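If you want the building blocks of each chain, they are given just below.
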Amino acid sequence: MSRIAARFEELRRARRKALIPYITAGDPSPQVTVPLLHALVEAGADIVELGVPFSDPMADGPVIQRSGERALKHGVGLADVLRMAGEFRTRDSATPVVLMGYANPIEAMGSARFLQRASAAGIDGIIVVDYPPEECAEFAPAAKAQDIDPIFLLAPTSTAKRIQDVARCGSGYLYYVSLRGVTGAGHLDFSEVSKKIPQIRAATHLPIGVGFGIRDAESARRVAETADAVVIGSRLIQAIEAAPAEALERAKNFLQPIRQALDASVSR
């Protein structure tokens, strides 16, 4: 059983929902990334998503774009991100790490070489924003062969066929993008989320994570009423960028109330 599957099984037995924070590797500095990952786990993260900085992040809003720009100014590339993940793994052998990014850096490294290096670094899952399931006939099986879960995105506009395609190709969990737009944009329509999740569940046994637009403990709690996991990135990065020198403390202070809200909703 993969680390991701094991973590979701552990959470299911405890009747808890997964909290999955996202940060960009190299932001606010390369030296802070690994300590920041550990701080997120200490604050209650069940899985961590580590963003690979990219010069043209088409799915990301201004907050995550800025974090990527800061990381790129530090010279952080895909090889550095894998090194950071490997360093994190030396102290934490249990928390699943999911890379999230775009196809170009992977293809520049070579997908086979990337997957080998990612596996060696202890990566558990990979979300490639611009790899739809139709273009993953080779990549998804190759990732699984390295014990890396290929995780795909679904949107409010996803058709029944797209949901079935993603459910067939993906593993680990499915990522439902709850907004029509980029990360951090707009406000969640909770009724739409609650209607879409059952449609996705009908096509898969995989856990379903919901991200894009979750801003605080209350929105996380409401999403967790129907989802298995809550993914939060833009608001976390905003909290960090407001005072980079206090990144670890601010990340913990932001995440802990969300963890508490998720756990309190289960105990009701």
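Residues numbered from 1 in each chain as written. Predicted model: local features only at pLDDT ≥ 70, side-chain atom pairs only at ≥ 80, totals over all residues. Heavy atoms only, no water.

Novice: Hey, could you run me through the pairing of strand S2 (residues 48–51) in this one?
Specialist: A regular strand places its side chains on the two faces of the sheet in alternate fashion. Side chains Val-48 and Leu-50 project from S2 onto one buried face, and the interleaved Glu-49 and Gly-51 project onto a second face that is buried too. Pairing analysis gives 3 bridges linking strand S1 (residues 18–24) to S2, with the strands arranged parallel. Within S2, the position partnered with Thr-24 by the bridge is Gly-51. Read from S1 through helix H2 (residues 30–42) to S2, the crossover connection turns out right-handed. Where S2 and strand S3 (residues 97–101) come together, 4 bridges link them in parallel fashion. Looking at S3, one finds that Gly-51 is bridged to Met-100. (Buried < 20%, exposed > 50% of the residue type's maximum accessible area, 1.4 Å probe, protein only. Helix = DSSP H or I, 4+ residues; strand = E, 2+ residues; numbered from the N terminus. Pairing = 2+ DSSP bridges. Right-handed = clockwise from strand over helix to strand, strands pointing away.)

Novice: Would you mind going over the sheet that holds S2 with me for this structure?
Specialist: Sheets are built from strands paired through backbone hydrogen bonds, the pairs being either parallel or antiparallel. Across the sheet, 9 strands lie side by side as S5-S4-S3-S2-S1-S9-S8-S7-S6; this open sheet has parallel pairing. At either margin of the open sheet sits one strand with a lone partner, and together these are strand S5 (149–150) and strand S6 (153–154). Strand direction decides the pairing type here: S1 and strand S9 (residues 229–232), joined by 4 bridges, are parallel. The residue of S9 that forms the bridge with Ile-20 is Val-231. Docked against the sheet, helix H11 (residues 234–241) engages S1 and S9, running at close to 50° with respect to S1. (Contact = heavy atoms within 4.5 Å. Axes fitted to C-alpha atoms, helices over the stretch in contact; angles between N-to-C directions.)

Novice: Mind showing me how you'd approach the environment of Thr-159 here?
Specialist: Among the secondary structure elements, Thr-159 is positioned in the loop between S6 and helix H8 (160–169). Along the backbone, Thr-159 and Ile-200 are 41 residues apart, and their C-alpha atoms lie at a distance of 10.0 Å. A polar side-chain atom of Thr-159 sits 3.1 Å from the main-chain amide nitrogen of Arg-162. (Polar contact = N/O pair within 3.5 Å; in protein donor to acceptor, adjacent residues only side chain to side chain.)

Novice: Looking at this model, I keep getting lost on the packing of aromatic side chains. Mind explaining?
Specialist: How two aromatic rings sit relative to each other is given by the distance of their centres and the angle of their planes. This structure, assessed with the given rule, holds 4 aromatic pairs. Their ring planes at 90° and their centres at 6.0 Å tell us that Tyr-175 and Phe-212 sit as a pair that is edge-to-face. In this pair, Tyr-175 is assigned in strand S7 (residues 174–177) and Phe-212 in the loop between strand S8 (208–211) and helix H10 (217–223), connecting sequence segments 37 residues apart. The two residues Tyr-175 and Phe-212 agree in class, both being buried. (Phe/Tyr/Trp six-rings, centres within 6.5 Å; stacked < 30°, edge-to-face > 60°.)

Novice: Sorry if this is basic, but what is going on with the nonpolar core here?
Specialist: Nonpolar side chains in soluble globular proteins tend to be buried together. Counting residues in each nonpolar core, the largest one holds 68 residues, and the members touching the most others are Phe-114 and Phe-139. Not counting the four nearest positions on each side in its chain, Phe-114 is found in contact with Leu-78, Leu-82, Leu-99, Ile-106, Met-109, Ile-126 and Phe-139. (Core = buried A, V, L, I, M, F, W, Y, C linked by side-chain atoms within 4.5 Å.)

Novice: I'm lost on helix H3 (residues 62–73) in this one. Help?
Specialist: The first and last C-alpha atoms of H3 sit 16 Å apart over 12 residues, in line with the 16 Å expected at 1.5 Å per residue. Among the residues of H3, those classed as buried are Val-63, Ile-64, Ser-67, Gly-68 and Ala-71. Across the axial projection of H3, the buried residues extend over an arc of 135°, all falling on one side. Opposite the packed face of H3, turned more than 90 degrees from it, sit the exposed residues Pro-62 and Lys-73. Structurally, H3 contributes buried residues whose contacts are with S1 and H11. (Expected span 1.5 Å × (residues − 1). Arc of directions from axis to C-beta.)

Remember, this is a structural readout, not a statement about activity or role.
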